[in-house]
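Structural features, examined
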Amino acid sequence: MASLGSALLGLAFAAALAAGALALAGRKGDERLLTWSRRTVYGFCGLLIACVVIIESAFARDDFSFNIVAEHSSIETPTGYKLAAMWSSQEGSLLLWALVLSLAASAALWATRHKLRDLVPWATAVMMGVAAFFTGLMLFAPDVDPFATLDPAPADGIGLNPLLQHPSMMIHPPMLYSGYVAFTVPFAFAIGALVTRRLDAEWIRATRRFALIAWAFLGFGLLLGARWSYTELGWGGYWAWDPVENAALMPWLLGTAFLHSIMVQEKRGMLKVWNASLIVGTFSMALLGTFLVRSGVLQSIHAFGDNTVGPYILGLIAVVLVGSAALIVSRLDDLRSEKRIDSLASRESVFLVNNLLLVGMTAVIFWGTFFPLISELFTGEKASLAAPWFDRYTTPLAILLVVFTGIGPLLAWRRVSWESAKRVFRLPLAVGAVVTVALVLFTDAESNLWALALFAFAGFALAGLAQEFWSGAAARRQLTGEPGAQALVGLVSRNRRRYGGYIVHVGIIVLLIGIAASSSFQTNRDVELKPGESTVIDGRTITYVKPTVAVDSEKFTFGSILRIEEDGKLVGYLRPSRRFFRPTGQESGTIGSFFAGEATSEVGLRPGPWHDLWIAEQPNIAAVQRGVRAADKGFQACLRGVPGSPPECKALRAAMQASVGDPQREAQALDQISRLQSLAAKNVAQTFLETGAASTFKVIVNPLVTWMWIGGLIALAGALIALWPTRGGRRGALVRTEADARKEAKYREIRDAELDHAAGKLSDEDFAILDAELREEAIEILDREPIA
Amino acid sequence: MDPQRKRKIRLVVALSTAVLLAVALIYTSFSASSEAKEPSELLNAAPGTSYEMTGRVVKGSIQRHGNGIAFRVVDRDGFGQSLPVTYTGTVPDPFRGGREIVLTGAMKSGTFVGERETLITKCPSKFTTKSDG
């Protein structure tokens with residue numbers, strides 16, 4: 001099977017090269033070559049799917065002759081995690097990269113098969129170039145062959161690290177990867193547009209969805225990673241400004257900027273250099289993320305070991321950056337803006353500010369992440385920056401972003417008159433002020449001014465967004481006569497991009513509220529309690545009722561039952577524990593070795609809308625360990641036949657002696673020893689219940705942290721709404737030409753302006769000017785169209 | 001004001017903001033960072049200065065010590081003289097003998113005293129090879 005896989009991977013590599021070559025050969029418009037190029041890309045995708053199926057079936061069958069299976073799975077690994085173990089390996093994650101890229105490339109080429117004839121060949125070549133790079137890595141770079149085999153095959157594998165056995169870890173890596181990889185599509189089309197000098201908004205219209213999908217995947221991946229850290233690592237935080245986290249955040253931030261600034265190019269023909277540079281930056285950051293995880297260049301809690309592919313990826317980044325920069329510079333004349341910003345009080349100028357903020361934030365994080373290298377360069381000492389440094393810059397930038405998230409939707413495109421501005425800003429500003437006063441009067445939020453500022457502006461922004469929905473729905477009700485709720489649904493589903501985007505804004509603001517509250521007003525204590533003792537933290541009485549022990553085939557769990565009381569009333573019980581996994585895939589010689597594996601915390605979590613109560617336990621198992629040592633000694637004595645040892649020892653010793661030179665009997669004897677040792681370990685573990693030793697509990701009272709997860713999910717839902725194809729789009733996608741798309745976009749702008757006018761955002765005067773401009777532009781488009 | 005001039009002013013304002021931010025960034029990062037050292041370099045380090053120590057926990061050296069732990073670390077390559085370390089508070093899940101840790105703290109009478117909440121243990125095994133089973 002492995003050799004079949006290798007062959008298929010080799011074929012896939014050839015297919016990627018062939019698809020790129022065919023596309024370039026047909027770049028002058030040879031329909032046949034282009035069709036074959038596209039089919040070859042589909043074939044490439046099919047081959048990679050086959051490769052993944054072979055690997056996954058090897059995981060499912062426990063086929064330890066596959067090196068990748070032996071090192072990352074074991075017989076005891078639960079089935080779901082067996083399948084997810086593929087991407088916990090270096091080679092498997094590269095395979096996943098290639099697979100996702102092949103899927104994204106196929107989807108992009110299918111979607112554009114009737115469009116952008118001149119540009120698609122170049123985009124195909126770029127995507128397949130990247131695909132060939134990653135497939136080639138697996139084939140030719142040392143130690144990353146997913147089909148490497150072991151001969152003889154071991155009886156059992158090493159197993160998946162228990163820390164990674166968490167539901168969100170099964171989907172976190174594929175989500176991040178899909179995010180990283182999907183940015184290849186807009187990047188490739190941008191390169192195509194630059195090469196062919198087709199620098200209107202067509203490449204953006206064709207790939208906007210992919211950028212949004214990439215953004216949503218990456219964001220969801222980040223959220224899952226944060227959730228995993230919060231519930232699984234026994235640390236209680238969700239973000240640490242660790243290089244690998246930063247590496248995923250940076251392309252997400254740049255992607256956010258890109259999603260906003262492309263709207264300016266679509267509507268106004270501006271920011272062309274900026275957009276091309278942003279997508280190049282985003283894609284490079286995605287590659288950099290892939291690189292950082294595998295390079296060991298920076299000290300990270302995610303230690304990924306030495307590896308062999310780092311330098312190659314760095315090479316690819318260099319090629320991407322230098323090539324794209326040269327291309328952009330050589331096309332500067334074609335990249336000139338078609339128009340200028342009319343007024344500072346317009347949506348496009350707010351988008352520009354938001355872009356600068358996002359890019360500024362990325363720059364800060366980039367500097368901080370790579371500071372150890374920078375400082376080594378200048379001072380010769382590797383020095384690193386901790387979370388407070390990052391917070392100092394990202395906090396004000398995030399607050400400013402919230403401010404502009406609030407302002408942007410309230411302004412119309414092109415220009416806003418003073419009169420209409422006064423009208424739309426009145427309510428949001430009032431809400432912001434009321435929130436501030438209420439927080440100062442009724443809470444101690446003023447003890448942290450940054451947090452207070454964030455809450456105030458969040459109130460302002462959320463009120464503005466609510467007003468947008470409200471006045472939009474009211475305008476629609478007037479136009480169509482639908483009742484309120486129906487008008488709201490109709491409004492959102494007819495303007496999915498706009499209102500989906502607003503829902504994303506709501507989600508991100510809610511998420512930031514959760515972050516601000518939980519990071520500024522958290523109570524974090526370590527307490528030592530003996531069974532029966534209590535402590536009071538933040539008005540909650542926590543009583544250590546009793547210790548617990550659970551033993552199963554793969555781990556020992558030492559934990560506790562805690563009674564939680566608020567204001568003297570029982571509100572529930574928490575059961576934090578710590579699991580000590582048995583090492584798998586190696587001979588266990590002593591009872592002590594049963595405790596030598598990985599340990600993980602199972603957090604006791606009581607989530608709530610206002611507070612999370614989070615408790616992790618560090619049980620004191622010193623007494624148990626003493627017992628283990630004594631048991632090991634006893635066991636050795638038993639095997640040696642020390643006088644006074646129980647009669648079973650004699651039988652066991654006899655079995656051992658009889659088995660010398662007989663492999664079958666020897667295995668039986670060893671098996672029996674292992675059974676006895678395991679029994680002894682269980683008995684010793686039970687003594688934990690009687691020791692009455694004090695355990696250390698880490699108790700965190702985290703205000704509003706639940707809203708972080710809820711906000712993230714709201715944002716995801718908003719992205720899905722914005723992505724969902726409209727009915728017309730679904731039918732029209734098959735036949736739509738570029739001219740149709742351009743017309744459609746302009747009509748949408750006209751409808752948008754009408755809605756803004758009806759909703760009171762545009763004054764009659766502003767609307768008259770804007771409408772005349774838009775209609776003129778629409779006529780221009782119609783004039784340019786050849787008469788059929 | 002004519003638009004040409006207005007644009008120029010805007011550009012100057014934007015650029016000076018960027019430069020100011022960059023200067024602040026550089027200044028604060030060099031002053032806020034703590035130097036990274038390995039245990040062997042710390043043995044003779046001046047007491048009181050804050051360092052970020054990266055080292056490998058010596059197997060079997062971890063002992064509970066009141067509300068905290070005491071253990072010894074060696075350089076990441078596993079050689080050299082070991083350095084005694086104390087740390088108060090709970091330790092992260094992956095912490096055990098043989099693991100690489102990053103800890104911020106200072107030397108105090110021959111012992112490296114870690115600051116609370118700064119102990120980072122590297123996540124093992126994801127992408128690592130056989131060396132770290």
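Just so it is clear, the model here is predicted, and its values are computed rather than measured.

**Observations concerning the overall build of chain B**
The helix and strand inventory of chain B stands at 2 helices and 8 strands. When the elements of chain B are put in sequence order from the N terminus, they spell out α-β-α-β-β-β-β-β-β-β. The buried share of chain B, taken over its 133 residues, is 31%. Taking the intrachain contacts of chain B between residues at least 6 apart in sequence as the baseline, contacts between residues at least 24 apart amount to 47%.

**Quick word on the overall build of chain A**
A count of helices and strands for chain A gives 26 helices and 11 strands. Taken against the 2.2 N^0.38 rule, which gives 28 Å for 788 residues, the C-alpha radius of gyration of chain A at 31 Å falls within 12% of a compact globule. Taking the principal axes of its C-alpha atoms as reference, chain A extends roughly 105 × 70 × 60 Å. Here chain A, with 788 residues, has 50% of them falling under the buried criterion. Taking the contacts inside chain A whose residues are at least 6 apart along the sequence as the reference set, 75% of them involve residues at least 24 apart.

**Thoughts on helix α10 (residues 243-268) of chain A**
Along an α-helix, a turn takes 3.6 residues, which lines up residues three or four apart on a common side. Between its terminal C-alpha atoms α10(A) stretches 37 Å, which fits the 38 Å expected from 26 residues at 1.5 Å a residue. Along α10(A), 26 of the 26 residues are buried, which leaves the element largely enclosed by surrounding structure.

**A look at the environment of L199(A)**
Residues and elements named next belong to chain A. Mapped onto the elements of the fold, L199 is located in the loop between α8 (184-196) and α9 (202-232). By the C-beta count within 10 Å, which is 22 here, L199 ends up buried. A sequence separation of 288 residues divides L199 from A487, and the C-alpha atoms of the two residues are 38 Å apart. With near-sequence residues (within four places) excluded, L199 lies in contact with A193, K272, D334 and L335.

**Quick notes on the domain arrangement of chain A**
Many authors give the size of an interface as the accessible area that is lost as the parts come together. With domains assigned, chain A is organised as domain 1 (1-162), domain 2 (523-706) and domain 3 (725-784). The gap between the C-alpha centroids of domain 1 of chain A and domain 3 of chain A is 42 Å.

**Digging into the confidence of the model for chain B**
Residues and elements named next belong to chain B. Summarising the model, chain B shows a mean pLDDT of 77, and 86% of its residues fall at 70 or more. Across residues 124-133, where pLDDT falls below 50, the model places 23 contacts with residues more than four positions away in sequence or in other chains. Under the prediction, the complex receives an ipTM of 0.74, its pTM being 0.87.

**Structural notes on the environment of V489(A)**
Structurally, the position occupied by V489(A) is in helix α17 (residues 484-494). Along the sequence, V489(A) and A473(A) sit 16 residues apart, while their C-alpha atoms lie 8.3 Å from each other.

**As for the packing of helix α1 (residues 2-25) of chain A against helix α2 (residues 31-60) of chain A**
Residues and elements named next belong to chain A. Contact geometry for α1 and α2: axes closest at 8 Å, N-to-C directions at 160°. By the angle between their directions, the pair α1 and α2 is classed as roughly antiparallel. Along this stretch, α1 crosses α2, giving a crossing that reads as left-handed. Residues of the contact of α1 with α2, tallied by class, amount to 23 nonpolar, 4 polar and no charged.

**Let's talk about the sheet that holds strand β2 (residues 523-529) of chain A**
Residues and elements named next belong to chain A. Here 4 strands make up an open sheet; going across it, the order is β2-β11-β10-β9 and the pairing antiparallel. Only two strands of the sheet have a single partner each, and these edge strands are β2 and β9 (604-606). Across this sheet, the average inter-strand angle for adjacent strands is 15°, counted without regard to direction. Pairing geometry for β9 and strand β10 (residues 611-618), over 3 bridges, is antiparallel. In the sheet register, L605 faces β10, and the bridge partner there is W614.

**Some points on the confidence of the model for chain A**
Any region with low pLDDT has predicted coordinates that should not be read closely. Residues and elements named next belong to chain A. Scored by pLDDT, chain A comes out at a mean of 86, with 95% of its residues at no less than 70. Confidence, expressed as mean pLDDT per element, reaches its minimum in chain A at helix α24 (residues 727-732) with 50 and its maximum at helix α23 (residues 706-723) with 95. Residue range residues 730-735 is modelled with pLDDT below 50. Its contacts to residues more than four positions away, or to other chains, number 1 contact.

**With respect to α9(A)**
Residues and elements named next belong to chain A. Here α9 spans 45 Å end to end across 31 residues, near enough to the 45 Å set by a 1.5 Å rise per residue. A large share of α9 lies buried, amounting to 28 of its 31 residues. Immediately downstream of α9, the backbone of G234 shows phi near 65°, a positive value.

**A look at unusual backbone geometry**
Residues and elements named next belong to chain A. In the segment running from D151 into P152, the intervening peptide bond is cis, with an omega of 0°. Here P152 lies in the loop between α6 (120-140) and α7 (167-182). For D62, which is not a glycine, the phi torsion comes out positive at approximately 55°. Here D62 lies in the loop between α2 and α3 (67-72). On the neighbour-count criterion, D62 (19 C-beta atoms within 10 Å) is partly exposed. Positive phi is not limited to glycine here, since R197 has a value of about 55°. Tracing the sequence through the fold places R197 in the loop between α8 and α9.

**Thoughts on the nonpolar core**
Core analysis: the largest hydrophobic core is formed by 201 residues, its most contacted members being A131(A), V402(A) and L512(A). With 18 residues, α9(A) is the single largest residue contributor to this core. Residue-level mapping places this core at the junction of two domains, with at least three residues from each of domain 1 (1-162) and domain 3 (725-784) of chain A. Those residues in contact with L512(A) that sit more than four places away from it in its chain are A398(A), V402(A), L454(A) and A458(A). F71(B), V73(B), L103(B) and M107(B) belong to the second-largest nonpolar core, a separate cluster that totals 18 residues.

**Considerations on the pairing of strand β3 (residues 534-537) of chain A**
All names here are of chain A. Bridge count for β3 against strand β4 (residues 540-551) is 4 bridges, and the pairing is antiparallel. When the sheet's bridge partners are listed, V536 is paired in β4 with T541. Counting the residues that bridge the hairpin from β3 to β4 gives 2 residues, and of these D538 lies at a positive phi of roughly 55°.

**A short note on the packing of helix α5 (residues 90-111) of chain A against α6(A)**
Residues and elements named next belong to chain A. Following both chains from N to C, one finds α5 and α6 inclined at 165°, their axes separated by 9 Å at the closest point. Taken together, the axes of α5 and α6 lie roughly antiparallel to each other. Here α5 runs over α6; the crossing is left-handed. Each of E91, L94, L95, W97, A98, L101, S102, A105 and L109 in α5 lies in contact with α6, whose residues at this interface are V120, T124, M127, V130, A131, F134, T135, L137 and M138. Residues belonging to the contact of α5 with α6 are distributed by class as follows: 14 nonpolar, 3 polar and 1 charged.

**Re the pairing of strand β4 (residues 68-74) of chain B**
Here strand β2 (residues 51-57) of chain B runs beside β4(B); their pairing, made up of 2 bridges, is antiparallel. When the bridges of β4(B) are listed, R56(B) appears paired with V74(B).

Each value, and the rule that gives it
Residues numbered from 1 in each chain as written. Chains lettered and ligands numbered in written order. Predicted model: local features only at pLDDT ≥ 70, side-chain atom pairs only at ≥ 80, totals over all residues. Helix = DSSP H or I, 4+ residues; strand = E, 2+ residues; numbered from the N terminus. Buried ≥ 20, exposed ≤ 12 C-beta atoms within 10 Å, placed from the backbone. Contact = placed C-beta atoms within 7 Å. Rg over C-alpha atoms; globule rule 2.2 N^0.38 Å. Expected span 1.5 Å × (residues − 1). Domains from an automatic or database assignment. pLDDT = per-residue confidence, 0-100. Axes fitted to C-alpha atoms, helices over the stretch in contact; angles between N-to-C directions. Parallel < 35°, antiparallel > 145°, perpendicular 65-115°, else oblique. Left-handed = near helix turned anticlockwise from the far one by under 90°. Nonpolar A, V, L, I, M, F, W, Y, C, P; charged D, E, K, R; others polar. Pairing = 2+ DSSP bridges. Core = buried A, V, L, I, M, F, W, Y, C linked by C-beta atoms within 7 Å.

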